Amino acid sequence: MTDKRLSLLVSLVVVSGGVALLTALVLAWTSGKPPSYMVAAGIVGAIAVGSRTQWRIRILSHTRGISWPEVGVLVGLFLLPPAWVVICTCVAVAIAKFTSRLAPQKALFGVAKDVLAASAAGLVFTLFHVRTDGDRPELHVGALVVAVLSMWLVDESLIVPVIALATRVTLRESLRADWDMRVLGTVARCLVALLVVGILSTGADARLLVLVLPLVVCVHLWQTAQIRNREERESWQRLAVTIDELNVVELTAVLDAAVTRSARLFSVDEVDIEVRLGGAARLVRGNASGVSYDGDADEAPTRPGAEIIRELAGHDSSDPVGELRLRLSRSVELTESETYKLKTFASALYTAIRNASSYAELARISAEHAYAAAHDSLTGLANRRELLEQAERMFTGHPDEGMDALLLIDLNHFKEVNDTLGHAAGDKVLREVAQRLQRASRDADLVARLGGDEFAVLLTGLPTPAMAKHRAETLLSALDGTIEVDGMRLTVEACGGIALAPGSGSVTELLRRADVAMYQAKRSGDRTVDYALSRDTADVGTLMLGGEVRRAVAAHEFSIDFQPIVDLGSGEVISAEALARWPHPTLAPSRVLETIERSGQLPAFSDAVLEQALSAAGVWREAGFDLPVAVNVSPRSLLDPSFPESVLTRLTAHGVPSDRLVLELAETLTMSQLEVVERTLRDLRDAGVRLALDDFGTGVSSLSVLPRIPVHQLKIGRSFVSAIETSSEAAAVVRSTVDLARSMQLTVVAEGVESEPQRHVLWELGCVAGQGQLFARPMSAGRMLAALQRGSGGRPGVLAEALHDAGAVVRLPRRRAPGHGRSSLPHLPA
C-alpha cells in the first residue's frame, strides 16, 4: 500500500513538472527574441554543477542528496527570462541526474521537482517585474528573498512526503529531521546568489566571481560535516537505546524489539532474525512498523531483494544461535561506520538471545522444581506439603465462602496387591485411583496423595455440613469399578474419614481428626464416617491436657536431663542424649511427646529442647569435653520445611559444630512420612548434622525404612538389651544388627544397659557403645559436667572401668573400602 502511494505521488510530481516545462517552452517560443546562448550555457553549467555537488544520505535503499542548483537558478533569473531559466533548469538537472546513473523513476522525479521549484521562482520574478535584459542586471533583493522561499517551500512540500512514505515515518518526523540545517542551507544559497548578482549589477570586475566558488565549497563542506556528525551521533544514540531495549528476559520481546529497532537503525526495508536454539528454527520478520511474521523458518514466505547477513555468534564466532538479515530493494554497500554498528548490534542481540534463553531455561527448571515440590511423583496429585499449605490458606480465608472439610481415604487390603502382584502393579492401581478421584472432584477441591495408599481431598465451599458426607460418598463411589492390571481385574475397596474445618482449630488437628474418623470407618466397616468428638477417645483423654501443655511450654516447665553414652570397652563418655522431663501427676512419660504433638505446641517445644541441649554442649565444650549431644525428633517436626534452617541457626548461635549434634529419629517413622521428609533429612545430613535411628528392630518396617534414611547410627532398644543374657533370640537380633551396621558403615549404641554382664555380652557381640543406669542415670547439664570432671579411677570423662588393658584390643579386618567409614566411635573388638 505504501509503494502504491509513493508511486502515485512520484507520478503526480513528474506530470506537474512536465506541465510546467511545456508552459515554459510555449512562453519562450512566443517571446520572440532568444537569449544569449553564452549566458544560457553558463546558467546550464552552473545549475548542473550545483546538482552534482552534493552529499548523499541513504534512506533504506534510496538516497537523499543535498545539492546547490538553486544558486544557478536564482542568478539565471536576473540574466534570462523566467521561461528560459525553467528550460535551462530542466536541461541541467537532467544532465546531472542521468549522468549519475540513477534509476529512471528517481531521475525523472528529481528533474520534475527542480523544474517546479524554478517555475515558482520565475513566477515570483514575473510578479515583481524584475528586468532581465541588458548587460547589468537589476538587483531586486525582495524578489530574490521571496523566490528563495518559494523554491524552498516547493522543494520541501515535494520531497518530505516522498521521504516519509519511503521510510514509513510520519510527516512530522520527516519535517523535523535536520530542519535547522535545511533552513541554514537555504539562507546560505540566498546569500551566495545575492553576492553573485551584486557583483554583476554593480559592474565590478567579473573576475571577482572566481572568489565565490571557494565560498560555496566552504559552506557546502560545513553543512555536509554538520549533517554527517549529527547523523552519526544520533545513529549511535539510537544504537544505545536499541541495545538497552534488548535487555529483557523474554525471548519474544527481545526479537520483536530487535526487528523493529534495527529496521530504523540501519535504514532498511525489512529485517529477518532467524534463531536456532535446538529444534525447529524460528524466524521473526518485520520492519519499523512492527512484526509481520513469527514462526517456523521453513514455512516463512520468501522475500525478494538484496540482503546483508550477519551471523549471531560469540566474539570468536563460537556457539552461533542464528543470523540477522537486513533486506533492501536493491544492493547497498554499508559504510565503515554502519558495518561496525551492525557488528555491535549483532553482538548485543546474540547476548540478549542467550540471556533470554538461559532465563527461560531457569524459569522452566524452577517451575519443574516447584511442581515437583508440591506434587506426588507417582500420581501427579498434590502431595502432603501442598495439602497442608492449601489447608492453612483455607483456615485464613473468608468464612462467608462456605464450609470446608477434609476427606481422608485409605485403600483396604492394598498391601495384598503389592505382596501378590508386585509394586509395579500397585503403582498402576494407585495411578488409576488418583485419576478417578481427580475426575470425580470439583475444580475447587484439592485431591492429594499423602503417601502409600492414603489419599486426601480438601472439600471447599460446602453450603452445609451434610454436603461433606454427600461429596465423600460420590468420590468413593468413583472407585467402585474394577481396575485392569496386567490382564487381571481388581476391585478396589476404600474407606474415608471426614472432618469439618471450622471446629478443628488447626490444620494439624484437622488432619488428625480425619485420620481418627477414617480408622473408625475401617473398624466399623462403613464406607465413610464423620468425625465425632464423643468417639475420639484420644481426644477426650488429652483435651484437658492441651491447656496444661501450652502453659508448660510457655513457662519452660519442662526440664532437660542428659544421659551419658559410654564406650563399652574403655568406659569413656563419648556423647550424651538429651531427655525432656515433665513432672505431671497423671501423664506417663511415654505419652509426653504425643500429647505435645496433639496440642500444636511441638515447634515451640522442639525449639526449647534444642536450645537447652546445644547450650549444654557449648558449656561442656568450653570445659574441655567436646561431646556430641543427641536430641529426639518427632516425625511431625520433620514435616516443617523451616526445621533444617532452624537447627542450623541454633548451631551457629551456640558455636557448636554441626557434627556435634545427633538427631534421633523414631523407628516407627512410616513409609508415607518418609516420602515427605526425605528432603529434610538429606538437607540436615548435607549440612553435617548426624542422624540416628532410635529403637531399631522394634517396629514393623525396620529394613524397609533403613535404606531410605541417610543415618549414621543405629540404637538397639532396651527390650533386646534386657533379655540379651537369657534369650538367644535377643542376642541374635543384636548380633545381626551389629553385622548390618558394619556392612552399612554405621555405628551401634545399646540402650538400657543396667549390668556388667549385659555390658560384657554386648561388647562380645560387637556393640561398641551403650547407655543406661550401669553408667549413670539421666542428670542435669551441671551434674553431667561435674561427673565428667570427677571421672572414675582418676580419669576425667570416664564413668566405668575398662574391660581390657590399654593396647589389648585386637582390630578386626576392615570390611569396607578405606576412608569411607562414617563412624567416629572406636573399632569393634575381636
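Residues numbered from 1 in each chain as written. Predicted model: local features only at pLDDT ≥ 70, side-chain atom pairs only at ≥ 80, totals over all residues. Heavy atoms only, no water.

**As for the packing of helix α3 (residues 69-79) against helix α4 (residues 82-99)**
Next up, step 1: Their axes nearest at 8 Å, the elements α3 and α4 cross at an angle of 150 degrees. The angle between the axes of α3 and α4 places the two elements in the roughly antiparallel class. Regarding α3 and α4, the two cross each other, and that crossing is right-handed. Taking contact as the criterion, the partners of V73, G76 and L77 in α3 are, on α4, P82, V85 and T89.
Next up, step 2: Taken together, the residues that form the contact of α3 with α4 break down as 4 nonpolar, 2 polar and no charged. (Axes fitted to C-alpha atoms, helices over the stretch in contact; angles between N-to-C directions. Helix = DSSP H or I, 4+ residues; strand = E, 2+ residues; numbered from the N terminus. Parallel < 35°, antiparallel > 145°, perpendicular 65-115°, else oblique. Left-handed = near helix turned anticlockwise from the far one by under 90°. Contact = heavy atoms within 4.5 Å. Nonpolar A, V, L, I, M, F, W, Y, C, P; charged D, E, K, R; others polar.)

**Side note on helix α25 (residues 728-743)**
Next up, step 1: With 16 residues, α25 extends 22 Å from end C-alpha to end C-alpha; this agrees with the ideal 22 Å at 1.5 Å per step.
Next up, step 2: Among the residues of α25, those classed as buried are A730, A731, V734, T737, V738, A741 and R742. The arc that holds every buried residue of α25, seen down its axis, measures 135 degrees, which confines them to one face. Counted as exposed and oriented over 90 degrees from the buried face of α25: S728, E729 and S743.
Next up, step 3: Summarising the contacts, the buried residues of α25 are in contact with β19 (690-696), β20 (713-716), α24 (718-722), β21 (747-751) and α26 (756-765). (Expected span 1.5 Å × (residues − 1). Buried < 20%, exposed > 50% of the residue type's maximum accessible area, 1.4 Å probe, protein only. Arc of directions from axis to C-beta.)

**Topic: the sheet that holds strand β17 (residues 629-633)**
Next up, step 1: Read around the barrel, 8 strands follow the order β15-β16-β17-β18-β19-β20-β21-β22 and close on themselves; strand pairing throughout is mixed. Looking at each pair of strands side by side, their axes are set apart by 30 degrees on average, direction ignored. (Pairing = 2+ DSSP bridges.)

**Here we look at the pairing of strand β18 (residues 661-666)**
Next up, step 1: For β18, the buried fraction is high: 5 of the 6 residues fall into the buried class.
Next up, step 2: Sheet topology places β17 next to β18; 5 bridges connect them, and they run parallel. Looking across to β18, one finds that N632 is bridged to E664.
Next up, step 3: Judged from the 5 bridges that link them, β18 and β19 form a sheet pairing that is parallel. Bridged to L665 within β19 is L693.

**Thoughts on α3**
Next up, step 1: Taking burial as the measure, the 11 residues of α3 include 10 buried ones, the bulk of the element.
Next up, step 2: Of all the positions in α3, only P69, E70, V71, G72, V73, L74, V75, G76, L77 and F78 are classed as buried.

**Thoughts on the sheet that holds strand β7 (residues 322-328)**
Next up, step 1: With respect to topology, 5 strands assemble into an open sheet ordered β5-β4-β3-β7-β6, the strand pairing being antiparallel. On the outer flanks of this sheet lie β5 (290-296) and β6 (306-312), each paired with one strand and no other. Direction aside, the axes of adjacent strands within the sheet are offset by 15 degrees on average.
Next up, step 2: Taken together, the 5 bridges between strand β3 (residues 270-275) and strand β4 (residues 282-287) define a ladder with antiparallel strand orientation. Looking across to β4, one finds that V271 is bridged to G286.
Next up, step 3: Packing against the sheet, helix α10 (residues 251-265) makes contact with β3, β4 and β5, and its axis sits at approximately 40 degrees to β4.

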